[in-house]
Amino acid sequence: MQKFNTTEHPHRRYNPLLDEWILVSPHRAKRPWQGQKESIAVDNRPEYDPSCYLCAGNTRSNGVQNEAYTDCFVFENDFSALLKEEVAFDDNNSDLFNLKPERGINKVVCFSPKHNLTLPEMSIESLEKVVETWKQEYTTLGAIDYINYVQIFENKGSVMGCSNPHPHGQIWAQSSLPTQVQKTQDNLLKYYNSKNTSLLKAYLEQELELKERVVIENEHFAVVVPFWAIWPYETLVISKRHVENITQFTSE
Ligand SMILES: [Zn+2]
């Protein structure tokens, strides 16, 4: 019988953050690929695009004109997935046809007035302003009585369904915790209560020792491809300093 080898034999890997197992089939990477191939899009965007609804001074489809902003610019998404208004709701659903209304606020954050930039091309000073904006929004939105979760994210590229190439991200603030976030919180707490140390701290220490999946690290952060990654380019950014949330990041 062959001896088990992680690079050859199908196996399951445990994701301790979600308490779930994923299937890994390393031998499948050897099969010939005749499916879709993505070509690299040519990027020849101008610094200002008069037809872009995120560029400074331009008018959006709902008729509102953007400020002549010079660094970050935040506005409420004109096509919000979540709505602020409270609705009257009688919870008389059956077990198998269960639903609950969800309230929230969706914002758009333009990182720069320059249409042709992306985050890694921006100066450290400009990036600091982006993080400061995230911190402010996290604090302001999080203080609203019906908001219990604030998600800051960027969907980038047309493959990801990003509708505009202008450098921007989104913030979703909502009344309930998304399932994966709730599960992660529960599992982090469970680990801490049983081992008396943080799961991510223990995980990072071992990854930094193994040095198999560390993409990059500096004094403050490490980027690893998680042991339980599902996607080929999946990465996890872990702060080396214990912080509860983004407001505790310093300019250092
Ligand atoms: Zn633009």
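*Asks:* Explain the coordination of the zinc ion to me, please; I cannot follow it from the model alone.
*Replies:* Metal coordination angles have textbook ideals: 109.5 degrees for a tetrahedral set of four donors and 90 or 180 degrees for an octahedral set of six. Around the zinc ion, the protein supplies Cys52 (SG), Cys55 (SG), His115 (ND1) and His166 (ND1) as donor atoms, at distances of 2.0 to 2.3 Å. Taken together, the 4 donor atoms surrounding the zinc ion define angles of 105 to 116 degrees at the centre, an arrangement classified as tetrahedral. Of the residues examined, His115 reaches a relative accessible area of 2% and is grouped as buried.

*Asks:* Explanation requested: unusual backbone geometry in the structure shown.
*Replies:* What is expected of a backbone is that most residues other than glycine have negative phi and most peptide bonds are trans. Residue Asp19 is not a glycine yet carries a positive backbone phi of 55 degrees. Following the sequence through the fold, Asp19 ends up in the loop between strand E1 (11-15) and strand E2 (20-24). A residue is classified by how much of its surface remains accessible, and Asp19, at 39% relative accessible area, is partly exposed. A positive phi angle is found at Lys211, which is not glycine, with a value near 55 degrees.

*Asks:* Just checking my understanding: could you explain the pairing of strand E4 (residues 104-110) for this structure?
*Replies:* Sheet faces and side chains relate simply in a regular strand, where the side chains alternate between the two faces. Along E4, 7 of the 7 residues are buried, which leaves the element largely enclosed by surrounding structure. Every second residue of E4 is oriented toward a common face, with Gly104, Asn106, Val108 and Cys110 on one face and Ile105, Lys107 and Val109 on the other, all of them buried. Alignment of strand E3 (residues 73-76) against E4, held across 4 bridges, turns out to be antiparallel. When the sheet's bridge partners are listed, Phe73 is paired in E4 with Cys110. Here 7 bridges tie E4 to strand E6 (residues 168-174), and the two strands are oriented antiparallel to one another. Directly across from Val109, in E6, lies its bridge partner Gly169.

Criteria and thresholds
- Residues numbered from 1 in each chain as written.
- Predicted model: local features only at pLDDT ≥ 70, side-chain atom pairs only at ≥ 80, totals over all residues.
- Heavy atoms only, no water.
- Donors = N, O, S within 2.8 Å, 3.2 Å for Na, K, Ca; no water.
- Tetrahedral: all angles 85-135°; square planar, octahedral: opposite > 155°, others 65-115°.
- Buried < 20%, exposed > 50% of the residue type's maximum accessible area, 1.4 Å probe, protein only.
- Helix = DSSP H or I, 4+ residues; strand = E, 2+ residues; numbered from the N terminus.
- Pairing = 2+ DSSP bridges.

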